[in-house]
Amino acid sequence: MITVKGGKTPLFILDTSHTTYAMKVLGSGHIEHLYYGRKIHMDNEDGLTEQHEFAPGTSSVYSEENSNFTLDDMRLEMSSCGKGDLREAFVEIVNADGSRTSDFLYSGYAESRGRDGGTEGLPTSYGEDAEVLTVTLEDKDNSLKLELIYTVYPEEDVITRMARLINEGEGDIKILKIMSSQTDFDPDEYVFSTFNGAWAREMKRSDMTVSSARLVNSSFTGNSSNRANPFVMISKKGCGENYGEVWGFNLVYSGNHYESVEKSPFGKVRFLSGINPTGFEWKLEKGESFLTPEAVMTYSYTGYNGMSGQMHGFVSKHILRGPWKDRLRPVLLNSWEASYFKISESKLLKLARKAGSVGIELFVMDDGWFGERNDDTSSLGDWYPNKKKLPHGIKGICDKVRKLGLEFGIWVEPEMISRNSDLYRAHPGWAMEIPGKSHSEGRNQMVLDLANREVQDHLINAMSDVFSSADISYVKWDMNRNFTDVFSQSLPSERQGETAHRYILGLYRVMKELTEKFPGILFEGCASGGNRFDLGILSYFPQIWGSDNTDALCRSEIQTGYSYGYPMSAVTAHVSDCPNHQTLRRTPIETRFNVASFGVLGYECNLCDMGKDDLKAIKEQISMYKEWRDVMQFGRFYRAEYSGGNNISWTVVSPDKSKAVSMTMQALVNPNTQWCVLKPQGLDEESRYHLEGRDLVFDIRDFGGLVNYVSPIHVKQDGVLHNVIAMFYKMRSEKEVHDMYGDAMMYAGVHLRSAFSAGGYNENMRYYPDFGSRIYTITKTE
């Protein structure tokens, strides 16, 4: 709810169900940020505004009439250069006369209701219940207006911010920097948490104490990047998963982004987020405006889980859109790790038949199907089927797969172009490279210049031809390199600083038109895994491939990272072969499933080469997943307090709290440690629940020579007799069944059966080796 009190210097109060955001216009015309936190009662600003009698020594005062304070020691809604605030600025402009001082002061506000999900080429949140406050500021000396746009989503406890700069002067200006959001905090002990990494090791949480140095999380790769996801957190020292104060921030943007935290000499902390100013410069002519991407923020006093739940709800309800927003996602098999580039219609059909036999619902033909694509050195841009591999084209393989009872999906990488391609030979000027200068490539490919509308039109037409050529149900949209030599041959020299942002605007146009033209297709975003996992992509594609790394241990850490800011329905995860193709690690097939099932489940393995035991296990996994898929894809996700390190535990609970699924996993065995206590979360305290583990079988060969401890005759490890025994004798998992009240499960915990610790083994022991895990289903009984 938005409340405005006062006349010329109003007080603005933005309330959600559990939070309050407040700001006050000062007599000077600046807007003071008063508060953002737990919901409070407010009917005026008394006690919340700063009290200043004299400006601190050596500081610069704003004006003679306002000599009692300096902007450098004020909590502000936005900041600029040249008037005494020496902290990092919200906006930096080169005015028409070459000066760089800006002085934006309050001039008015407007209220409205409802957001439609996009404006001026940018995706935004949407919702009929959204309440919008637009506060207008003016820099009269330079004939500029700045609109600060706040959108309130009361039920989700989320507030978003955007900014629009309008040039009402006679001359052109240059925008060097303009942020989407600024939040100034009172002095306290804060921790800045970012999610960083690289290819195959995305979303590693990093916690940094906010001290006097400026902390920056940013990307300059042309995308939101696997190095620094735009989702970040600021928490008060001591915050945990289920207690403490935390603010979560994200950006609805897929390009170069920037988040910074800075503590001033006076102890106040400033947070900024928006487009990365490095390499950015925008020429704004008379009468033009520039709109920033939408920034998202939420606050929770119930720890990281509370904040995550609010973010998940917001993304699910107000970012994801289209027919697939709430639809159950199919279990797929992707051909990549089974075939790589060596595909053919016969090989794919053989794999698809095996997929159908274990319960797979969707078969995906990955890279290698088009042009002369036999490796990664050619053919990107030549989006026509290779008739040697697919003699009957896309339609031929699609129809045959569908006759097997499976849906059909396809891989594309539309934004890229190979130098060795028909497209490059026809249109060399469409590639992002600097004419006459050497070009640095990545993965033997170049980036198409989506800042060029002609290129956008071509992609829309080329992809429309592919998607309409057969009954395609799913598209994996990949993007496998970072930007180099950023230059658009369609822009004049003075506008080259606009290239990276114009590329993203062009990408959004292409995705918007294609998803609207093909609403029945399930689109999945990908960028070498998680190199572009952000709310901008999720505004068009309801799910994104979380990482090219399918190793279960790595994925448990990666998916934990994503879970802080993104719902699990947006994160796709696959069970793959072992040794894993990224790490060469061997992990149990049940652990691979347990981890992957907490995202949108798929498989990426060569089923044709699998043994019957693994195929049987996969068939049972898929059957179980289908039964619980609604909970696992769309339930409320929780992390256990000890998630991370050697142990990880997750729980996902249905909206009505009638069903839940919990998982526990360890990285390495801690010798002589038998006990494990499972504490599911999110259950109804007053209800009674039935918890049950899955009935599993294990290979006796996993115990190696230890079998001789009980065998009457000697069994040579991995010998003929050992293998014969393994064929006829399977070790069954422990029976884990409990009936308890929700509060007992959550607070006292479920004490699981003892794990093997070299002191003996029977049918009641829990076989729990390195990378061991268990899934438990929980059903409300009364």
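For the structure, see preceding data.
So, how was this worked out
- Residues numbered from 1 in each chain as written.
- Predicted model: local features only at pLDDT ≥ 70, side-chain atom pairs only at ≥ 80, totals over all residues.
- Heavy atoms only, no water.
- Helix = DSSP H or I, 4+ residues; strand = E, 2+ residues; numbered from the N terminus.
- Buried < 20%, exposed > 50% of the residue type's maximum accessible area, 1.4 Å probe, protein only.
- Contact = heavy atoms within 4.5 Å.
- Areas by Shrake-Rupley, 256 points an atom, 1.4 Å probe, with all protein chains shown as cover.
- Lys, Arg positive; Asp, Glu negative; His and termini not counted.
- Charge placed at Lys NZ, Arg CZ, Asp CG, Glu CD.
- Pairing = 2+ DSSP bridges.
- Axes fitted to C-alpha atoms, helices over the stretch in contact; angles between N-to-C directions.
- Expected span 1.5 Å × (residues − 1).
- Bend = angle between axes of the 7 residues up to and from the residue.
- Patch = residues over 30% accessible without salt bridge, like charges linked within 9 Å, V, L, I, M, F, W, Y side chains within 5 Å.
- Salt bridge = Lys/Arg side-chain N within 4 Å of Asp/Glu carboxyl O.
- 1 Å grid on protein atoms, 1.4 Å probe; cavity = no way out; pocket = protein on both sides within 12 Å on 5 of 7 lines; lining within 4 Å.
- Points joined across faces, edges and corners; volume = space filled by probe spheres on them.
- Nonpolar A, V, L, I, M, F, W, Y, C, P; charged D, E, K, R; others polar.
- Phe/Tyr/Trp six-rings, centres within 6.5 Å; stacked < 30°, edge-to-face > 60°.
- Parallel < 35°, antiparallel > 145°, perpendicular 65-115°, else oblique.
- Left-handed = near helix turned anticlockwise from the far one by under 90°.
- Core = buried A, V, L, I, M, F, W, Y, C linked by side-chain atoms within 4.5 Å.

What about the overall build of the chain?
Looking only at helices and strands, the chain has 13 helices and 40 strands in total. With the C-alpha coordinates of the chain rotated into their principal frame, the extents come out at 100 × 65 × 40 Å. The burial tally for the chain puts 61% of its 782 residues in the buried class. In the chain, once contacts between residues fewer than 6 apart in sequence are set aside, the share between residues at least 24 apart is 70%. Entry remark: accessible area of the chain is about 29,600 Å², with carbon and sulfur atoms responsible for 49%. Across the chain, 85 positive and 106 negative side-chain charges occur, with their mean positions spaced 6 Å apart.

Description of the sheet that holds strand β22 (residues 362-365)
Think of a sheet as strands paired side by side through backbone hydrogen bonds, with each pair either parallel or antiparallel. Overall, parallel pairing links the 8 strands, which are arranged β21-β22-β23-β26-β27-β28-β29-β30 in a closed barrel. Between one strand axis and the next, the sheet turns by 30° as a mean value, whatever way the strands run. As defined by bridge partners, β22 adjoins strand β23 (residues 407-412) across 4 bridges and the pair is classed as parallel. Bridge pairing in β23 places M365 opposite I410.

Structural notes on helix α11 (residues 612-634)
Compared with an ideal rise of 1.5 Å per residue, which puts 23 residues at 33 Å, α11 spans 32 Å between its outermost C-alpha atoms and is within 8% of the ideal. The largest bend in α11 comes to about 70°, at W628. Of the positions making up α11, those classed as buried are L615, A617, I618, Q621, I622, M624, Y625, W628, R629, V631, M632 and Q633.

A closer look at a nonpolar patch on the surface
On the surface, I713, V720, L721, V724, M727 and F728 cluster together to form a nonpolar patch covering roughly 650 Å² of accessible area. Counting through the fold element by element, M727 comes out in helix α12 (residues 720-728). Exposure remark for M727: the relative accessible area of 59% places this residue in the exposed category.

A word on the sheet that holds strand β4 (residues 31-38)
With antiparallel pairing, 4 strands are arranged side by side in an open sheet as β1-β2-β3-β4. Taken across any chain shown, the strands that pair with only one partner, and hence form the sheet edges, are β1 (2-5) and β4. Strand-to-strand twist in this sheet, taken as the mean axis angle between neighbours without regard to direction, amounts to 15°. The pairing of strand β2 (residues 11-15) with strand β3 (residues 19-25) spans 5 bridges and is classified as antiparallel. What sits directly across from L11, in β3, is K24.

Some details on unusual backbone geometry
The linkage connecting C578 with the following residue, P579, adopts the cis geometry, with an omega of 0°. Mapped onto the fold, P579 is located in the loop between β29 (571-576) and α10 (589-596). For N672, which is not a glycine, the phi torsion comes out positive at approximately 60°. With respect to the helices and strands, the residue N672 is situated in the loop between β33 (659-666) and β34 (677-678).

A few points about empty space enclosed by the protein
Tallying each qualifying case throughout the model produces 6 cavities of 30 Å³ or more. Taken as a whole, the largest cavity encloses approximately 110 Å³ of empty space. Lining the largest cavity are 14 residues, and of these H30, L71, M78, S79 and S80 lie nearest its centre. Residues that form the lining of the largest cavity fall into these classes: 6 nonpolar, 4 polar and 4 charged.

Overview of the packing of aromatic side chains
Taken as a whole and judged by the stated rule, the model has 41 aromatic pairs. Relative to F518, the ring of F467 lies with its centre 5.6 Å away and its plane at 90°, an arrangement referred to as edge-to-face. With F467 in helix α6 (residues 453-467) and F518 in the loop between α7 (499-517) and β27 (522-525), this pair connects stretches of sequence that are 51 residues apart. Residue classification places F467 among the buried residues on the basis of a relative accessible area of 2%. F518 gets classed as buried once you look at its relative accessible area, which sits at 13%. A ring pair is formed by W477 and F541, whose centres lie 5.6 Å apart and whose planes are at 50°; its orientation type is tilted. Placement of the pair is W477 in strand β26 (residues 474-477) and F541 in the loop between α8 (535-538) and β28 (543-545), with a sequence separation of 64 residues. The class of W477 is buried, set by a relative accessible area of 1%.

Description of the packing of α10 against α11
The interhelical angle for the contact between α10 and α11, taken along N-to-C directions, is 25°, at an axis separation of 10 Å. On the basis of the axis angle, α10 is roughly parallel to α11. The two elements α10 and α11 meet at a crossing, and its hand is right-handed. Residues I589, E590 and F593 of α10 form the contact with α11, whose participating residues are D614, A617, I618, Q621, M624 and Y625. By residue class, the composition of the contact of α10 with α11 is 6 nonpolar, 1 polar and 2 charged.

Observations regarding α10
With respect to burial, α10 is a largely interior element, 8 of its 8 residues being buried. Of the residues making up α10, those classed as buried are I589, E590, T591, R592, F593, N594, V595 and A596.

Remarks on the environment of G530
Structurally, G530 can be placed in the loop between β27 and α8. For the pair G530 and I544, spaced 14 residues apart in sequence, the C-alpha separation works out to 7.7 Å. In this structure, G530 is in contact with E202, S225, N226, W545, G546, S547 and Y562, ignoring residues within four places of it in sequence.

A word on the nonpolar core
Core analysis: the biggest nonpolar cluster contains 185 residues, and W369 and Y603 have the highest contact counts within it. Per-element tally for this core: the top contributor is α11, with 9 residues. If we ignore the near neighbours within four places in the chain, the residues touching W369 are I343, W383, Y384, P385, N386, L390, I394, I410, W411, V412 and V466.

Quick word on the packing of helix α3 (residues 345-358) against helix α4 (residues 393-403)
Relative to each other, α3 and α4 sit at 20°, their axes nearing to 10 Å. With respect to α4, the element α3 is oriented roughly parallel. In this structure, α3 crosses over α4, and the sense of that crossing is right-handed. Across from E345, L348, L349 and A352 in α3, the residues of α4 making contact are G396, I397, K400 and V401. Counted by class, the contact of α3 with α4 contains 5 nonpolar, 1 polar and 2 charged residues.

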